[in-house]
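Architecture and fold: a report
Residues per chain, in single letters:
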Amino acid sequence: MPKDNGIGASTIRREDIKFLTGRGRYTDDINLHAQTYVVFVRSQVAHGRIVSIDTSAAEAMPGVLAVLTGEDFVAKGGNPAGWLIQSRGGEAMKEPKRPVLAHGKVRHVGDAYAAVVGESIAAARNGAEAIIADIEALPAIIDMATAVADSANRVHDEIENNVCFDWGWIEDNKAAVDEAFEKAPHVTTLELVNNRLVPNAMEPRASIGDYDPGTGDYKLYTTSQNPHLTRLLISAFVMGIPENKLTVIAPDVGGGFGSKIYHYGEEAVVLEASKRLGRPVKWAADRSESFLSDAHGRDHVTKIQLATDLEGNFLALRTETLANVGAYLSNFATVTPTFLHGTLMAGPYKTPLVYVNVKAVFTNTAPVDAYRGAGRPEATFSIERVVDKCARELGLEPWELRRRNFIQPDQFPYQTPVGVVYDIGNYGATLDRLVEMVDPAGFEARVADSAKRGKMRGLGLSTWIEACGIAPSNLVGQLGARVGLYDAATVRVNATGNLSVMVGAHSHGQGHETVFAQIVSDMLGIGIEQVEIVHGDTSKIPFGMGTYGSRSLAVCGSAMVRATEKIIAKGKKIAAHMLEASLDDIVFENGSFTVAGTDKAKSFGEIAFSAYVPHNYPLEELEPGLEETAFYDPGNFTYPAGAYACEVEVDPETGQVTVLGFSAADDFGNVMNPMIVEGQVHGGVAQGIGQALLEGCAYDAEGQLLSASYMDYTMPRADDLPFYNVDHSCVTPCTHNPLGVKGCGEAGAIGSPPAVVNAVIDALHRAGHTNVTHIDMPLSPQRVWSAMNG
């Protein structure tokens, strides 16, 4: 049994009290002395050449303090992509400059080309409305296939065919894969769309720039998942501010789902404007602004083929994908459809040959980047849909076809044909557990019950694997990463025995303040209330790489464990001196340093006090104090996996899909807090169901965003979602981090969309609509009804 509030206990999230009582402190809650406000002027056309921008009327308006345009930032740098990807022929990707404010051209509706600073929001808005811009409209480039085929119309004038890169993985596999398909007894082909999504975090983005002319120091308060990366990008690439002069603070952040990993131009503008005025400058987006300017997610068009023998054994798999990167390269835009996608195209299967081709395409739409799962949902959806289609074509049960092709437990570590090595897993165990949860044997009776009520019932399956905690740094550097992918933690023991733990990861709903404290308190044998977790302020925390990719516990948590181990090691040395014993005889357990085989002991608090009041202390051997820092760079990804099932009813009269139940059997390695893990899965599944049935970001042919508000973009609500049956009892501990943990934050969003779609197709087939082999997401009533009715 886990200790009270220790590792493995379902400790209640202690950070929730402030949120539930209205005491959270978000960026928009911060108001500084003499604060001003900025409003951005955004393009109303998707593609246009800026002929002129007349700011004179705005500058003359009461309360307007400054107007900035792209011209003010021309001499500065641009916001870079975080990964350099090579095309198949070895050619470097095309990386156009992403300006702070649009200069020369606007490239999507919502592209900011001017900013007005005022004494009040109203004054800034009035000034923004007074700006007169002469923008020569150009043809909008929206459809990816058209963008690639049209060399005349270009999002960026210097990039022919609008292609950022043409990537093949692994290129040396291609000939063997093609030969396998030529000889294969059976080939299943499926063309599908992974629909564009808007992240829609509860808190819109906001930033405050605060320049101190007396010291030359800058402070940026911002809604960031990754404050150190934001500081690095602003310093090294965008503004040239020395890092030691820039502090980035991400206070409470109301969700991110990936969209707040990146640096956005608004952050640079508030800093520059604050320096010019010598006063703080604040910006907070409204929801419409967020729809237009936040980085979107997904948006792939894929052709996937699976070659098998007639018994259903997988022989080879290949895909061709057009991946939309939008108008500019956001920071992770190039890695999401490549190394976070292509390296997962083997799935949990022992497919011997895999080849992946991805063309990244510029369009006149908002930039596209990592969104919960980031490349892994796109890979899983393609695989699990084509596997289901293959099963129907071969007349095999989808459950059995998957089981037949699983990598077996005795095959680990398993070298995949897509470059990565899975360290451990047991995919049959999670599928067995799912069978117990779902009761497939009783499904036919449930089908009959639905039929009595005039409904069609279906059961869909998805078996998935994910790579979390991108690593190691030396490998990803060879693959094009421009940053390291380690993390760091500092454990500071105060003289009275309580702790401050400074971590590079950022918490914005994950529960770090609880789980990280559970681990440290468990290791040190002290109360969880004695441990404070500090994050989000670059002036306080060690250089860390933030929170994304289900990396926080596996990477930052491991750094924290290593730092805590250093604390214990130093504590043993102090205890050996105080207890007049050999270091080898000191044992630390349950918060006490003891001499083995005796009753001589010192509590953790006594050792901490001695470290800071070193009257009886080995000063000739040890420095005073008790504070340690550790950096941790993983040796490999972690590979959580699972099996999901969805049960739906479809109304044949309207095409309406109702999700009746959803079951998830996951292997997350060792689980630190079961309650928080279950909550993470719940949230991910809700977003996956949203993508499968409801959410769809749409532009018209002129590049106008048709789904620019909640009137047009459907978010899942409570009555759209079923009761979730979640299990994580199948455990294969990660072999290469000290906690044996794997990621869990994105799993639900990865495994759920194909399970939902497979369930709907199953319902239609059972009702005789065998001609319907696929429906693109979201499966709206109109799309389902249209598919049934030809």
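Structure: above.
Here's what I pulled together on the structure shown here. (Residues numbered from 1 in each chain as written. Predicted model: local features only at pLDDT ≥ 70, side-chain atom pairs only at ≥ 80, totals over all residues. Heavy atoms only, no water.)

**Thoughts on the layout of surface pockets**
Over the atoms, a rolling probe the size of a water molecule traces out where space has been left empty. Approximately 660 Å³ is the volume found for the second largest pocket. Lining the second largest pocket are 27 residues; nearest its centre among them are Val39, Phe40, Arg42, Asp286 and Glu289. Looking at the lining of the second largest pocket, the element that brings in the most residues is strand E1 (residues 36–42), giving six residues. Considering only residue class, the lining of the second largest pocket consists of 16 nonpolar, four polar and seven charged. (1 Å grid on protein atoms, 1.4 Å probe; cavity = no way out; pocket = protein on both sides within 12 Å on 5 of 7 lines; lining within 4 Å. Points joined across faces, edges and corners; volume = space filled by probe spheres on them. Helix = DSSP H or I, 4+ residues; strand = E, 2+ residues; numbered from the N terminus. Nonpolar A, V, L, I, M, F, W, Y, C, P; charged D, E, K, R; others polar.)

**Points about empty space enclosed by the protein**
Taken as a whole and assessed by the stated rule, the structure comprises six cavities of 30 Å³ or more. The volume enclosed by the largest cavity comes to roughly 240 Å³. What lines the largest cavity is a set of 22 residues, and nearest its centre among them are Arg98, Pro99, Val100, Asp111 and Gly265. Broken down by secondary-structure element, the contributors of at least two residues to the lining of the largest cavity are E1 and helix H7 (265–277). Here the residues of the lining of the largest cavity sort into 10 nonpolar, seven polar and five charged. By volume, the second largest cavity amounts to about 90 Å³.

**Description of the sheet that holds strand E5 (residues 112–118)**
In spatial order, the strands read E3-E5-E1-E12-E9-E10-E11; together these seven strands make up an open sheet with mixed pairing. Each edge of the open sheet is held by one strand with a lone partner, namely strand E3 (64–69) and strand E11 (246–249). Taken pair by pair, the neighbouring strands of this sheet meet at an average axis angle of 20 degrees, ignoring direction. Relative to E5, E3 runs antiparallel, the two sharing five bridges. Bridge pairing in E5 links Thr69 to Ala114. Running at roughly 25 degrees to E1, helix H3 (residues 121–130) makes contact with E1, E3 and E5 of the sheet. Seen against the sheet, H7 touches E1, E3, E5, strand E9 (206–212), strand E10 (217–222), E11 and strand E12 (281–284) and runs at an angle of roughly 30 degrees to E9. (Pairing = 2+ DSSP bridges. Axes fitted to C-alpha atoms, helices over the stretch in contact; angles between N-to-C directions. Contact = heavy atoms within 4.5 Å.)

**What to know about helix H19 (residues 781–788)**
Regarding H19, the residues found buried are Val784, Ala787 and Met788. The buried residues of H19 occupy an angular sector of 100 degrees when the element is viewed end-on, so they sit on one face. Where H19 is buried, its residues meet strand E18 (456–465), strand E26 (641–650), strand E27 (657–667) and helix H18 (747–766). (Buried < 20%, exposed > 50% of the residue type's maximum accessible area, 1.4 Å probe, protein only. Arc of directions from axis to C-beta.)

**Points about the pattern of salt bridges**
One pass over the structure, following the stated rule, counts 45 salt bridges. A salt bridge links Asp166 to Arg88; its shortest N-O distance comes to 3.0 Å. With Asp166 in strand E7 (residues 163–169) and Arg88 in the loop between E3 and strand E4 (105–106), this pair connects stretches of sequence that are 78 residues apart. Across the salt bridge formed by Arg402 and Glu384, the nearest N and O atoms sit 2.7 Å from each other. Of the two residues, Arg402 is situated in helix H10 (residues 398–405) and Glu384 in helix H9 (residues 376–394); the sequence distance between them amounts to 18 residues. Its relative accessible area of 1% is what places Glu384 among the buried residues. What you see here is one network of salt bridges that share partners, running through Asp439, Arg446, Asp449, Arg453, Arg457, Glu647 and Glu649. (Salt bridge = Lys/Arg side-chain N within 4 Å of Asp/Glu carboxyl O.)

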